[in-house]
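An overview of the molecular structure
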Amino acid sequence: MISSPSVLGVLLDGPAGVGKSSLASAYSSMKRADGAAVVHVVATPARSTTPFGALVNLAAQAPAAGTADRLATLTAVAAAVETAIHSEATAGPTLLVIDDLPLLDPASADLIVDLARRGIVQILATARRTETVPIEFTGMLVDGTLLRHRVEPLTDDLIVLAAEQMLGGCLNPSTAAQLVASSQGLPLHARELVLTNLATGRLLEYPDGWRFEGLPSAPPSLVELVASRFATMTDEHRRVLEALALAEPVPLAVAAALADPTVLAALEGNELISADEDAGIAIVRLGHPLYAEVVRSRLGQLRIREAALTAVTAMESVADPDVRFRATCLRLDHGLPVAADQAVAAARQALSMVEPDLAARLAINGGDGFDPAFILATALIALGRIDDADAALQRAFDAASNDAERARVISRRGNNLGTAGGRFQESIQVLETGLASLTDPVWRSFVAADLAYARLWNGQVAESQVGIDGAEAKPDAVRANECLVGAVVAVMRGELDRTEALVQEGLPLAPAIRDDVPTARELLTLSRFLAFAFGGRQQEATAVVDAELERASNRGEAASGTWMAVRSIQALVDGRATDALADSGEAARRLAVADISGLRPVAQAVMATALARLGRSSESAATSATVDPAWATETKVRLQLEVAEAWRTAMEGDTSTASARLAAAAGKAMAANHIPLGAIAAYDAVRLGHPRLVVDLLNDAARSWDGPTGPAFVAHAGALIASDPGALMDLASRLPGMGFSLAGAEAAAQASRLYEQSGFTADAMRADFLAACTAAQLGQVDSPGLGQPRGLTAREREVAELAATGTSSRDIGRQLDISARTVDNHLSAVFRKVGVSNRAGLVGVLPLLANLPTSG
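Residues numbered from 1 in each chain as written. Predicted model: local features only at pLDDT ≥ 70, side-chain atom pairs only at ≥ 80, totals over all residues. Heavy atoms only, no water.

So, the overall build of the protein
- A tally of regular secondary structure across the protein gives 41 helices and 10 strands.
- Per-residue burial for the protein yields a buried fraction of 52% across its 856 residues.
- In the protein, once contacts between residues fewer than 6 apart in sequence are set aside, the share between residues at least 24 apart is 65%.
- As presented, the protein carries roughly 36,200 Å² of accessible surface, and 53% of it is formed by carbon and sulfur atoms. (Helix = DSSP H or I, 4+ residues; strand = E, 2+ residues; numbered from the N terminus. Buried < 20%, exposed > 50% of the residue type's maximum accessible area, 1.4 Å probe, protein only. Contact = heavy atoms within 4.5 Å. Areas by Shrake-Rupley, 256 points an atom, 1.4 Å probe, with all protein chains shown as cover.)

Examining the side chain of Thr649
- Here Thr649 is to be found in helix H30 (residues 635–651).
- Overall, Thr649 belongs to the buried group, its relative accessible area being 11%.
- Setting aside residues up to four positions removed in sequence, Thr649 forms contacts with Asp654, Thr657, Ala658 and Arg661.

Some details on the side chain of Ser752
- Secondary-structure assignment places Ser752 in helix H36 (residues 741–757).
- Classification of Ser752 by relative accessible area gives buried; the value is 5%.
- At a separation of 2.9 Å, a polar atom in the side chain of Ser752 contacts the main-chain carbonyl oxygen of Ala764.
- Here Ser752 is in contact with Ala764, Ala767 and Asp768, once residues within four sequence places are set aside. (Polar contact = N/O pair within 3.5 Å; in protein donor to acceptor, adjacent residues only side chain to side chain.)

A short note on the sheet that holds strand E4 (residues 121–128)
- A sheet is described by the order of its strands in space; here 5 strands give the open sequence E2-E3-E4-E1-E5, paired in parallel fashion. The open sheet has two edge strands with one neighbour each: strand E2 (38–42) and strand E5 (146–150). Ignoring strand direction, the axes of neighbouring strands in this sheet form an average angle of 20 degrees.
- Where strand E3 (residues 94–99) lies against E4, 5 bridges are found, and the strand directions are parallel. For Ile98, the partnering residue across the bridge sits in E4 and is Ala125.
- In the packing of helix H3 (residues 106–117) onto the sheet, contacts are made with E3 and E4, and the angle to E4 comes to roughly 135 degrees.
- Strand contacts of helix H4 (residues 135–143): E4 and E5, with the helix running at about 85 degrees to E5, the strand carrying the most contacts. (Pairing = 2+ DSSP bridges. Axes fitted to C-alpha atoms, helices over the stretch in contact; angles between N-to-C directions.)

Some remarks on helix H1 (residues 20–33)
- Its 14 residues give H1 an end-to-end C-alpha distance of 20 Å, which sits within 8% of 20 Å, the value for a rise of 1.5 Å per residue.
- Regarding H1, the residues found buried are Lys20, Ala24, Tyr27 and Ser28. Viewed along the axis of H1, the buried residues span an arc of 100 degrees, placing them on a single side of the element. Counted as exposed and oriented over 90 degrees from the buried face of H1: Ser22 and Ala33.
- If you follow the buried residues of H1, they end up packed against strand E1 (9–14), E2, E3 and E4.
- Taken from the residues just after H1, Gly35 is the one with a positive phi, measuring 100 degrees. (Expected span 1.5 Å × (residues − 1). Arc of directions from axis to C-beta.)

Concerning the packing of helix H17 (residues 370–382) against helix H18 (residues 386–399)
- Two elements in contact, H17 and H18, have axes separated by 8 Å at closest approach and are oriented at 160 degrees. Considered as vectors, H17 and H18 are oriented roughly antiparallel to each other. In this structure, the crossing between H17 and H18 has a hand that is left-handed. For the pair H17 and H18, the contacting residues are Phe370, Ala373, Phe374, Leu376, Ala377, Leu380 and Ile381 in the first and Asp388, Ala389, Ala392, Leu393, Arg395, Ala396 and Ala399 in the second. (Parallel < 35°, antiparallel > 145°, perpendicular 65-115°, else oblique. Left-handed = near helix turned anticlockwise from the far one by under 90°.)

Side note on the pairing of E3
- Judged by how many residues are buried, E3 sits mostly within the fold: 6 of 6 residues are covered.
- Residue alternation in E3 divides its side chains into two sets, Thr94, Leu96 and Ile98 and Leu95, Val97 and Asp99, and both sets are buried.
- Each parallel crossover has a hand, and the one from E3 via H3 to E4 is right-handed. (Right-handed = clockwise from strand over helix to strand, strands pointing away.)

Brief notes about the environment of Arg832
- Considering the arrangement of structural elements, one finds Arg832 in helix H40 (residues 820–834).
- Residue classification places Arg832 among the partly exposed residues on the basis of a relative accessible area of 39%.
- Taking C-alpha positions, Arg832 is 9.6 Å from Phe769, a pair spaced 63 residues apart along the chain.
- In this structure Arg832 touches Ala762, Met765 and Arg766, once residues within four positions along its chain are discounted.

Digging into the environment of Val42
- By the secondary structure assignment, Val42 is in strand E2.
- The spatial distance from the C-alpha of Val42 to the C-alpha of Leu104 is 8.5 Å, given a sequence separation of 62 residues.
- When sequence neighbours within four positions are dropped, the list of residues in contact with Val42 reads Ala54 and Asp99.

Section: unusual backbone geometry
- Of note, Asp100 is a non-glycine position whose phi angle comes to about 60 degrees, a positive value.
- The topology assignment puts Asp100 in the loop between E3 and H3.
- The exposure class of Asp100 is partly exposed, given its relative accessible area of 30%.
- Positive phi, normally seen in glycine, also occurs at Asp817, with a value near 60 degrees.

Notes on the environment of Ser560
- Among the secondary structure elements, Ser560 is positioned in helix H26 (residues 557–574).
- On a C-alpha basis, the gap between Ser560 and Leu549 in space is 5.7 Å, while along the polypeptide they are 11 residues apart.
- If we ignore the near neighbours within four places in the chain, the residues touching Ser560 are Leu549, Ala552 and Arg590.
- Polar side-chain contacts of Ser560 include one of 2.7 Å to the side chain of Arg590.

Topic: the nonpolar core
- With 128 residues, the main nonpolar core has Phe529 and Leu698 as its most contacted residues.
- Per-element tally for this core: the top contributor is helix H22 (residues 476–493), with 12 residues.
- Contacts of Leu698, omitting those with residues within four sequence positions, involve Ala679, Ala682, Tyr683, Val686, Phe713, Val714 and Ala717.
- Counting residues in hydrophobic clusters, the runner-up holds 36 residues, among them Val240, Ala245, Leu286 and Ala311. (Core = buried A, V, L, I, M, F, W, Y, C linked by side-chain atoms within 4.5 Å.)

Comments concerning the packing of aromatic side chains
- Evaluated as defined, the whole model comprises 7 aromatic pairs.
- Relative to Phe446, the ring of Trp443 has its centre 5.2 Å away and its plane inclined at 55 degrees; by these criteria the two rings are tilted. Linking Trp443 with Phe446, this pair stays in helix H21 (residues 441–457), spanning 3 residues, or about one helical turn.
- Residue class for Trp443 comes out buried when judged on its relative accessible area of 11%.
- According to the relative accessible area criterion, Phe446 is buried, its value standing at 1%.
- Note on Tyr683 and Phe740: the rings are 6.4 Å apart at their centroids and 90 degrees apart in plane angle, and the pair reads as edge-to-face. With a gap of 57 residues between them, Tyr683 in helix H32 (residues 675–687) and Phe740 in the loop between helix H35 (725–734) and H36 connect regions that are remote in the sequence. (Phe/Tyr/Trp six-rings, centres within 6.5 Å; stacked < 30°, edge-to-face > 60°.)

Now the structure itself:
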């Protein structure tokens, strides 16, 4: 932590409860274990006015302050402290750990700065971010000898992980969300919350994880600590804090509606509230996340409703739609009346925020009309309550007044049973029956698009063709649905140019079907991603995923879960099995909360495949078994599960049987119009060394698949069949840029073996080196098609790196304590392996050596 000689100390600052003291304690324990001398002092309010009050334990042998000769006494205390610190030290400066630096008395602060500047101590101090550092330390901060390090709240994932480690098991997703929201990233708060609710029986273990029973209890030890701050508060101040405790954070305009400026200023001066800039807007909240819990814990039911009404009245006086939405939610949470139109509008907004549970609660208060029933159904679908959603859709159908509303219900029922529930035969039957009940040709077209979509998901050739060149004008909702379905159908068929045209047309229209398909924009963007990925445009595909993950970061775990599932597929295809496993596992967890896109079973199947590719066969099989049986027959999920099974077989050494399984699975997928996905599965057989089993499938795919990927697969199969190592080396250089890095490494390894068989040893070594360099970028790799490619030995790498700088053989030999002839022999071996003829050529290959493991 303190590594530079010019740095005399580090100041850890951050909000109360963030773990500053724990971090300082952990570091000091580590230093003490390493043999360093450590002295710990704690500054307190009670000692802040007493000279050397914080150092009283170190000055135990000195005369008491306050005697007749005060200066002599203080000098004696300072000397006693310095002596005590010296007595602790073994070698080097003593680490002086100071809790609550702002509470140091001036005498202690002055002495510590002097000891630090003289090299007797190094400082490790803590302070709250809002507190003022003693003036004695200001100079150190200015000249950089005391570095300020901000300790930020933990991320949501780390808070959940810490709690799960405490409990020895997983948290239920809803409880994890409660813990994250309550703790605000403060580990002390999270720990106290877990311990308190374990003790009170409100945190219990269930098959789906640990779960709070009702509202969690606030931690009493922290409540008592904070409650004293409210003991002498006026009624007016208490009223404002109670309202903020329920509504925070709020814009300054809402706070101004709660109280006059003098009241707000007094509360801010006492650090009971704070005002910070957020995206250019002044936001008011309580001074510490714990304060809200303390306030709420001291309110009875009637007082809570009174506080909620106060907050709602202030919030509804502001025109901001987000504030109005939160006001409606507050009404709902505290039993205040909610108007039907308010409930419906808020339910729509909750859906757009991927908060289906909240949307359902709001929609129930929206009355008996079409809109509340339809929105309720959409929320229930996202929650996985398929039958309840179907019942709500039936109520919406009964309330529908025209073909437009009826068509929307029919479409949603089909998607509910199919995309959400995996019950594709029922979905197709509902859509076919519903289509026959409509008379308006425009809305018949709307449902026909969904029918094509359901047939595609079910592995049937779509009888309803969805085009991009319809002659008649259609409502935006109808055309948006056609573009959405058309893009999915086109990309699954490998019609990548057509996919992009449909995505470009559909994205501006997506808001028209937001109520029907809340993830319409995401599904269109997903089609674009697949078009890039299937088309070998790896960088553009990655850019789409990165942008969508950034966009989803503020929209809840379910939204980001969709794109983590997508990223896991990309990593798996590229050969980064470890990354694929991490992303697919996290995606499956997040999508358990809400899965509007229907990607959770895909993520589980990818997870099973990644585990298989990593040689963890039993875990892979167990993960495959967790996929909902209703989904196991859906084309994409079934294909990925069959690929996982094939890789389990391959990693056990039977690549022939594995390749036969891959060929069969690919044939079924391609027959169901999933051309690129089927071809990628077939291509795995080529990578495993059995191209003849799948070459016909790959040729069929390449004929209808836009872009260079299909032809590259065919070329790889053909090069193996023809035993053409030159063609394999060409592919080895092209495939990584197309998103198939491991396949590129395998092509180079296959070329090396062919060169070796033909007696071209130098070419074999160069191919082997390329395979090793490519594979080294992928993390943990264990592929039967790759084997164990050889890189450079440790000595060869040392020689190569020095030679590339222009160092002579004689000087390299002196540095490495070997002869110049031995250096030249190593260089000859390096030149053969890396495919260069002189030292200058080594400069271009040095970047390849950075991540390359050494061989024996």
